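Residues per chain are reported as follows:
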Amino acid sequence: MRELIAARLWLTVYQLPPYAPRFNPVEGVWSHLERSLANPTKHSLDQLAALVKTRLKRMQCRPRLIDGLIAKTGLDLHRRNPSR
């Protein structure tokens, strides 16, 4: 794996603990999504799936929200991999 990573100068790899929700921006995405779903028990499974897809697409159109979720992790994603 190290050879594959080293061969791709554009790729930066961060070694994280096996379970690190604090460093995972996806946790923030799901938290934000869950808060936006008021009462999912009123919806069928198909309706809920469609609602989730719609909400995720809305989030994609809000780069400041995504940047905020990444910033909340405290990771510096603009720094180059120190192993190089």
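Residues numbered from 1 in each chain as written. Predicted model: local features only at pLDDT ≥ 70, side-chain atom pairs only at ≥ 80, totals over all residues. Heavy atoms only, no water.

J.: Explain the packing of helix α2 (residues 25-36) against helix α3 (residues 45-60) to me, please; I cannot follow it from the model alone.
T.: Working note: a packed helix pair is described by the angle between its axes plus the distance between those axes. Where α2 meets α3, the axes come as close as 10 Å, and the angle between the chain directions of the two elements is 125°. In terms of orientation, α2 lies oblique with respect to α3. The two elements α2 and α3 cross, and the hand of that crossing is right-handed. Residues V29, H32, L33 and S36 of α2 pack against V52, R55, L56 and M59 of α3. (Axes fitted to C-alpha atoms, helices over the stretch in contact; angles between N-to-C directions. Helix = DSSP H or I, 4+ residues; strand = E, 2+ residues; numbered from the N terminus. Parallel < 35°, antiparallel > 145°, perpendicular 65-115°, else oblique. Left-handed = near helix turned anticlockwise from the far one by under 90°. Contact = heavy atoms within 4.5 Å.)

J.: How should the confidence of the model for the chain be read in this particular structure?
T.: Note: predicted coordinates in regions of low pLDDT should not be interpreted at a detailed level. Across the chain, the average pLDDT comes to 83, with 89% of residues at or above 70. Mean pLDDT values over the elements of the chain span from 86, in α2, up to 92, in helix α1 (residues 2-6). (pLDDT = per-residue confidence, 0-100.)

J.: Help me understand the packing of α2 against helix α4 (residues 63-72), please; the structure alone is not making it clear to me.
T.: One can describe the packing of α2 onto α4 by two numbers: an axis separation of 8 Å at closest approach and a directional angle of 125°. As the angle between them shows, α2 and α4 are arranged oblique. Taken as a pair, α2 and α4 cross one another with a handedness that is right-handed. Seen from α2, the contacting residues are P25, G28, V29 and H32; seen from α4, they are L65, L69 and I70. Taken together, the residues of the contact of α2 with α4 sort by class into five nonpolar, two polar and no charged. (Nonpolar A, V, L, I, M, F, W, Y, C, P; charged D, E, K, R; others polar.)

J.: Help me understand the side chain of R55 in this model?
T.: Checked against the element boundaries, R55 lands in helix α3. For the buried R55, which has no salt bridge, the nearest side chain bearing the opposite charge is E34, at an N-O separation of 12 Å. Setting aside residues no more than four positions away along its own chain, R55 makes contact with L33, S36 and L37. (Buried < 20%, exposed > 50% of the residue type's maximum accessible area, 1.4 Å probe, protein only. Lys, Arg positive; Asp, Glu negative; His and termini not counted. Salt bridge = Lys/Arg side-chain N within 4 Å of Asp/Glu carboxyl O.)

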